[in-house]
Every structure is written in structure tokens, then in C-alpha cells.
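These are the residues of each chain, in order.
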Amino acid sequence: MELQPDRAATRDEIRCFREQGHVAVRSLASADEVAEFAPSILEAADLLAWNRNVPPGEQGTYDRAFHQAIGLCWHDEAIRRFVFAARFARVAAELLGVDGVRLYHDQALVKRAGGGATPWHQDAYYWPVDGGSAITMWMAMADIPPEVGSMVFADGTHLRGDMRGPAISDESEGYFALLIAEGALPTSAHGAMQAGDATFHEGWTLHSAGPNPTDRDRPAMTVIYVADGTTVIEPERDEQRLDLALYLPGAVPGDPAATERNPLLWGSGMGEIAS
Ligand code: SIN
Ligand code: NI
């Protein structure tokens, strides 16, 4: 099944994304489409999550928040069709307001049954590209009940850029929770999701997620896009240096974020798309 670019971002979705830095896009994939792709994605996530085998007694906050498997599209042709889907990339480009988007990377994030909260953080902390040129699609790969829910966003924080917090951890939770409390920053949650519902958030949008008190895993698949034409910035921290080596192999500061690992997924010049 091909995920055709048959859906444009609506005016309300674009306004919400630009004003708040996040938006929920319901039914971006149908239940049938998720049913086709979820088995490969979840199997690969189980196999490839780098923190899947950390014994419970040794798990830190990060391990309890989710099992994380990155770059699934390079392991499986079916997953590649999902990650490269023009339907998702088109919405990402329209929300960002750019002509085209490239893949930065994909990752499955499975919050295990009984898993912990995802601390407040800004994704672009890790990225050697401007957070304002990057957008994440986070899609529910199963129905997610209200007591688990999806992410919580601090509205409008994308406009603040780098809020200078630490990497995702208990420290980032404390740092950003205090900023939110002291600044009385509004937050929004999109709540329960059906399989195929998605949220999109900008690279600097501050976000977190609650714990999973249920006995079922909460599987999510994400695709991170960068605007076509985005250039690599000078990394200022080790996390950005690592991301540069992993997801933009061979690129150096000033280069376009457009290595062979960053195919154009929506925009002109689509002939470049690998399959
Ligand atoms: C989560 O899935 O719990 C967090 C996802 C994110 O931080 O982008
Ligand atoms: Ni995040």
C-alpha cells in the first residue's frame, strides 16, 4: 500500500502549528494502513532498540520513558515506504511553510507497559541543524487510551529557540518544569489517540509525555524532517556532533543537510527519492 500525498495540511492545522509549535493531525494514516506497517515497525523496534535489554534494576529515567530504535527505514523495505511516505512529508512541508523536506532520521519510541514519564526537553538540543527548520511527526501505531495519552507541549516555545536546558533527563525535567511554573507557560495535550493519528512539533517546541500506567505498550513511530536547503550548523555540544556523524554522514558545517541518508521526501526534484 502506498501512502499517497492525498492530504494537504488545513489552514487551521497550519495556524496552530505556526502559533503553538505543535498540532494534532487526526487520521493521517488509516487503521488499515497502520495495520499493514505496524508489525514490521514494532518487530524492528524490538530488535533494534539500543536500550531494550537494560535490566529493570539498572534502568534510568530515559530507559523507563521509552525503548528507542533509530533508523528503521534503512533496515526494512516496508518500513522505508512508511518513513518515506509522501503523505506525511507533504504535511510536514506545508506546516513548516517550505517547498520541500528531507529525511533527518526516523525512530520508534515504545513506552513500555508500566513505563515512566518522558521528561520535558527540546529535540533540537541534539541536532546540528536549526530547530526552526526541523519538524517531527509522531504517529500512534496503536490506539492510545486517555490514561496514557500522547505528548504534552509548552505552547509557543518554538518561538523562544534554544531555552538552554540540559539533555533529556531528570535535570531537564526539573529545569523546564521550573521555567514553565515560574513563567506560567501554557501547555496543551492532544490526549488519547487512535492508530494513525499524529502530532507534529517544531524542533524547539518544548515537550514531555506522561507515564504508561497500563499493561499495554504505547508504540509510536516518528519521522523527523528538515526543510530542503537547510544547512548544517557548527555543533556546540557532543550530542550534536554524534547526530552529525550518524544522520548526516560526511557533512560538515555549512553543507546542505542533504547526504545520501537525507533523501528528499517532498518537493521538486523528487527523482532523487530512493526506494
Ligand atoms: C515520547 O514518545 O514519549 C516522547 C517523544 C518525543 O520526545 O519526541
Ligand atoms: Ni522529543
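Residues numbered from 1 in each chain as written. Chains lettered and ligands numbered in written order. Predicted model: local features only at pLDDT ≥ 70, side-chain atom pairs only at ≥ 80, totals over all residues. Heavy atoms only, no water.

A. Spatial organisation of the pattern of salt bridges. Applying the stated criterion to the full structure yields 15 salt bridges. Between Arg7 and Glu13 there is a salt bridge; the shortest N-O distance is 2.8 Å. What makes Glu13 buried here is its relative accessible area of 10%. For Glu236, the salt bridge is made with Arg237, and the minimal N-O distance between the two is 3.9 Å. Of the residues examined, Glu236 reaches a relative accessible area of 47% and is grouped as partly exposed. The buried category is assigned to Arg237, whose relative accessible area is 11%. One network of salt bridges, with partners in common, ties together Asp162, Arg164, Glu236 and Arg237. (Salt bridge = Lys/Arg side-chain N within 4 Å of Asp/Glu carboxyl O. Buried < 20%, exposed > 50% of the residue type's maximum accessible area, 1.4 Å probe, protein only.)

B. Here's a closer look at the site of ligand 1. Around ligand 1, a shell composed of Phe66, Leu109, Lys111, Thr118, His121, Trp138, Met151, His201, His207, Ala209 and Arg218 is seen. Contact between ligand 1 and Trp138: an oxygen atom at 2.9 Å from a side-chain N or O atom of the residue. Between ligand 1 and Arg218 there is a distance of 2.8 Å, counted from an oxygen atom to a side-chain nitrogen or oxygen. Expressed as a share of its isolated accessible area of 260 Å², the protein-covered part of ligand 1 is 96%. The pocket occupied by ligand 1, as judged from atoms lying within 2 Å of grid points, is the largest pocket. (Near = heavy atom within 4 Å. Polar contact = N/O pair within 3.5 Å; in protein donor to acceptor, adjacent residues only side chain to side chain. Areas by Shrake-Rupley, 256 points an atom, 1.4 Å probe, with all protein chains shown as cover. 1 Å grid on protein atoms, 1.4 Å probe; cavity = no way out; pocket = protein on both sides within 12 Å on 5 of 7 lines; lining within 4 Å. Sits in = over half its atoms within 2 Å of the grid points.)

C. Looking closely at the pairing of strand β5 (residues 134–140). With respect to burial, β5 is a largely interior element, seven of its seven residues being buried. Neither face of β5 is left uncovered, since the one carrying Ala134, Thr136, Trp138 and Ala140 and the one carrying Ile135, Met137 and Met139 both have all their residues buried. Judged from the seven bridges that link them, β5 and strand β10 (residues 218–227) form a sheet pairing that is antiparallel. Bridge pairing links Ile135 to Tyr225 in β10. Here five bridges tie β5 to strand β8 (residues 198–202), and the two strands are oriented antiparallel to one another. Its bridge partner being in β8, Trp138 is matched across the sheet by Thr199. (Helix = DSSP H or I, 4+ residues; strand = E, 2+ residues; numbered from the N terminus. Pairing = 2+ DSSP bridges.)

D. Seen up close, the coordination of the nickel ion (ligand 2). Surrounding the nickel ion (ligand 2) are the protein donor atoms His121 (NE2), Asp123 (OD) and His207 (NE2), which sit 2.0 to 2.1 Å from the metal. Sequence positions of the donors to the nickel ion (ligand 2) reduce to the motif H-x1-D-x83-H. Of this pair, His121 sits in strand β4 (residues 118–121) while His207 is found in strand β9 (residues 207–209), placing the two residues 86 residues apart along the sequence. Relative accessible area serves as the criterion here: at 7%, His121 is assigned to the buried category. (Donors = N, O, S within 2.8 Å, 3.2 Å for Na, K, Ca; no water.)

E. The arrangement of helix α5 (residues 86–96) in detail. Counting buried positions along α5 gives 10 out of 11 residues, so the element sits mostly inside the fold. By the burial criterion, the buried members of α5 are Ala86, Arg87, Phe88, Ala89, Arg90, Val91, Ala92, Ala93, Leu95 and Leu96.

F. Region of interest: the layout of surface pockets. The computed volume of the largest pocket comes to approximately 510 Å³. Lining the largest pocket we find 29 residues, and of these Tyr62, Gln68, Gln107, Asp123 and Tyr126 sit closest to its centre. In terms of residue count, the dominant contributor to the lining of the largest pocket is helix α7 (residues 238–247) (five residues). Taken together, the residues of the lining of the largest pocket break down into 15 nonpolar, 10 polar and four charged. (Points joined across faces, edges and corners; volume = space filled by probe spheres on them. Nonpolar A, V, L, I, M, F, W, Y, C, P; charged D, E, K, R; others polar.)

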